[in-house]
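What the coordinates show
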Amino acid sequence: MAKHDLKIDIRTSPYIRKAPTVAQIMRNVVYALLPLVIYSVYHFGISALALILVTTLSCILTEHFFCTMSGKKSTILDASAVISGLLLAMTLPPGFPLWMGAVAGFTAIAMGKTLFGGLGFNIFNPALVGRAFVQAAFPVSITTWTPALAVDRFSEFIPSTLALPFMHPLPTAEWSARVAIDGFTGATPLALMKFQGIMTNSYDLFMGNIAGSTGETSTLLILVCGAYLIFKKMLDWRIPAAVIFGTAVSAELFYLLDPLKYPTPAFMLLSGGLMFAAMFMASDMVASPVTPLGIFIFGCLVGFLTVIIRLFGGLTEAVMYAILFGNAATPIIETYTQPRIYGARKKNQDKS
Amino acid sequence: MNLFNLFGKKSFPHGIHPDTYKEQTQAKITRRLPFADEIIVPLAQSIGRPAKAIVFRGQHVVRGEIIAEADGFMSVPIHAPVNGTIKAVDIASTAKGGKQPAIIITTSLNSGQQIPDSGEHCDYLQMSREELVKAVQNTGLVGLGGAAFPTHVKMAIPPDRTIHTVLVNGCECEPFLTTDHRVMLEQIDNLLLGIRIAMRTVAATKAIIGIEDNKLNVLAAIKLYLPDDGTITIEAVETKYPQGAEKMLAYSLLGIEIPSGGLPSEVGLAIFNVATLAELGALLPVKQGLIERVITITGDGVKKPGNYLAPIGTPVRFLLEYAEFIGAEAELILGGPMMGMPARSLDVPITKGTGALLVLDKRATKGDDILPCIKCTQCLQACPINLNPSELGLLAAKRQYDIMEEQYHLNDCFECGCCSYVCPSNIPLVQYFRIAKTLNRERHLQNS
């Protein structure tokens, strides 16, 4: 009978699987970010390009370094470090000194990711950890915005970009005044709102004809890129939806209280980094809740905190802290929002 | 209320849509297999207590004769699948892993397909419910859908419960499997008789046959035979895995949830697999026992995939040679690709619960590295029970098995495999859960 000598491979079920790999998901996020990268380079010129390259390289090298140090296989091929680098660059002002960008990239991966055990274990969104660090370390540079669409942006660096490490970056005010074309100033819509009481109109906000951080200016492009990932099922639409919902409701509340003093919900949604953060930052899989109700609460919390910090805090950029706070709250949100299982019985047998 | 039913197809939340791979065999008429030279009949083929062998070495047995008796109520007898001589009552390799007590029969060269007619017949309409339960036990029937739960135990409804509906499970949601499909087409009379016997045994007035909507030819065929009084109906449900899990089917058809840790009878349901009821209709009236079953042999590792009527106890090696196995390296799976068991050797026999022999020539899944959970929530969106496999997996990695059970409903997991199927990190979640359950059981035994 033993005609065939058969080598049997023993594993346990299920024997079939259909899932994108982690690396595929991460690569698709990178693809989705590329249009934003290109737009920001078009918008802000070679300074933005240099900044993006520096933060991304810094993130990759940091990850590689720590993997080597701890004797692990390098994980840079899963592209998650690239995402952190790109996300980080997108949130920084285009004229941000490059060496500070490198510091931000290092901090993002070192303090935000490898410290906790690498991909899958980070409590906070690494890119935001990097940004929070440089926000505290270099408060002036990170709030110095330069005009978009400067004439010589493809041939000339923004003066502050090439600052030497630990040196004072060159002031940009004069340069900004020189290169600014009509209607563009270095001040972001949020700063205009907060300090001068000027509202930018929603159309400009939506299209991105404004000053701001490298990648956060065009809401339209952000929505399109996010839609690609949602279509590929590699981004959970519920998170951006909940953040937008939370922001809109909170802003509407204040707007109803005093329409003269507080901005409209549309302005809140379209200004600053909110759209970008909602789509690409808050939706960081690892640092956000997994339970359906938890996702909703997380999003609303982020939206609400953003509005509160923007209206009553000393900072113009609020969404970063809102998300970091949301990340910190994630474990406790999850604990109290476990899904109701099929056939759950009412109040019993929970002996724990 | 089942909101799904408001929007078209009857279904349940979550689940997955794997490729069905049923085209290879679904149109193939069931063919009878010849007898293997040696038949290995394990004594433990179902949930509950193993049967007690009542034959001795050298004894001649006749096809259909009882060779092992039920050991108490939670046990079923075993009948001889072939004419032959008892070679040994010993231990043998089984699909469950390890060696288990088994009766080994050397098939007589003149073994025929006939089963000696005892001349005894029973009319189920003249029998009481208790007599029916006893008669069902005597047939040795267990759930043929894979769980192998003794059918008569399911039919013995506690006196304080009433059953309003018998659900007849013809979903066959596992990819590759087509045995139920064939049974429903080829044994409609037996099936309907079996349904009537089951309805009478559990005192239900209604029966619904549920099939996935990829088998609409079955729906059309069976509809012609249904009684006009509407007591037995057939309904299509969405083709989605694991539609054939009884909890899912109950929800899809009736919007009823079977309570956690409870039995369907708690909510007035009795749920049986179609093949089980078809066998019941064939065996009970003539007082015979279960000695063979339809099995799908398929996969890209065999030249002659098909549906075969195989004697219980036929070794896998025999089936493989009959279906013309190709290649030298394979994954050999008893059952479907989502919940089946690996065959550890070619000498393991098929048992009453084995619905398929799947031969995958090359790995359908890549042996990727296991990566950390990235909390993508895909598993939460796939779990039909609405568990949190992500968190359960993290707890399993930390060996916090007690927390898994007490706070995260580990025991509600029925190991359908959806979470492992969708996991981008390739985490063997179901395997983690099986280990956790086993260790918890051992811990509870030690503590008690």
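These numbers come from a predicted model, not from an experiment. (Residues numbered from 1 in each chain as written. Chains lettered and ligands numbered in written order. Predicted model: local features only at pLDDT ≥ 70, side-chain atom pairs only at ≥ 80, totals over all residues.)

Looking at the overall build of chain A
On a plain count of helices and strands, chain A comes out with 14 helices and 1 strand. Counting only residues that meet the buried cut, chain A has 54% of its 352 residues in that class. Within chain A, contacts between residues at least 6 apart in sequence are counted, and of these 75% link residues at least 24 apart. (Helix = DSSP H or I, 4+ residues; strand = E, 2+ residues; numbered from the N terminus. Buried ≥ 20, exposed ≤ 12 C-beta atoms within 10 Å, placed from the backbone. Contact = placed C-beta atoms within 7 Å.)

As for the interface of chain B and chain A
Each partner contributes to the interface: chain B provides 56 residues, whereas chain A provides 40 residues. Judged from the 2 bridges that link them, strand E1 (residues 7-8) of chain A and strand E15 (residues 329-334) of chain B form a sheet pairing that is parallel. Considered in E15(B), the bridge of A:Lys7 is made with B:Glu329. (Pairing = 2+ DSSP bridges.)

Notes on the sheet that holds strand E6 (residues 78-79) of chain B
Read from one edge of the open sheet, 3 strands run E3-E5-E6 (chain B), paired in antiparallel fashion. Each edge of the sheet is formed by a strand with only one pairing partner; in this case those strands are strand E3 (52-53) and E6 of chain B.

What to know about the confidence of the model for chain B
Keep in mind that low pLDDT regions are not for reading the predicted coordinates in detail. Averaged over every residue, the pLDDT of chain B is 90; the share at 70 or more is 96%. Scored as a complex, the prediction yields pTM 0.89 and ipTM 0.86. (pLDDT = per-residue confidence, 0-100.)

As for the domain arrangement of chain B
Accessible area lost when the parts come together is the quantity often used to give the size of an interface. Residues and elements named next belong to chain B. Here the domain parsing of chain B yields domain 1 (16-26 + 119-286) and domain 2 (378-447). Placing the centre of domain 1 and that of domain 2 at their C-alpha centroids yields a distance of 29 Å. Between domain 1 and domain 2, the contact holds 8 residues from the first and 9 residues from the second. Here the side of domain 1 that touches domain 2 is built from residues that sort into 6 nonpolar, 2 polar and no charged. (Domains from an automatic or database assignment. Nonpolar A, V, L, I, M, F, W, Y, C, P; charged D, E, K, R; others polar.)

Section: the sheet that holds strand E10 (residues 206-212) of chain B
All names here are of chain B. The 4 strands are arranged E11-E10-E9-E12 in an open sheet whose pairing can be described as parallel. Every interior strand has two partners, whereas the edge strands, strand E11 (232-237) and strand E12 (269-273), have only one. The average undirected angle you get between the axes of adjacent strands in this sheet is 25°. Taken together, the 5 bridges between strand E9 (residues 165-170) and E12 define a ladder with parallel strand orientation. Across the sheet, Val-166 pairs through a bridge with Ala-270, a residue of E12. Where helix H7 (residues 274-283) meets the sheet, its contacts fall on E9 and E12, and the angle it forms with E12 comes to roughly 85°. (Axes fitted to C-alpha atoms, helices over the stretch in contact; angles between N-to-C directions.)

Topic: the nonpolar core
Counting 236 residues, the largest nonpolar core has A:Ile323, B:Val166, B:Ile195, B:Ala198 and B:Ala250 as the members making the most contacts within it. The element best represented in this core is helix H1 (residues 22-44) of chain A, accounting for 11 residues. Each of domain 1 (16-26 + 119-286) and domain 2 (378-447) of chain B accounts for three or more of the residues forming this core. (Core = buried A, V, L, I, M, F, W, Y, C linked by C-beta atoms within 7 Å.)

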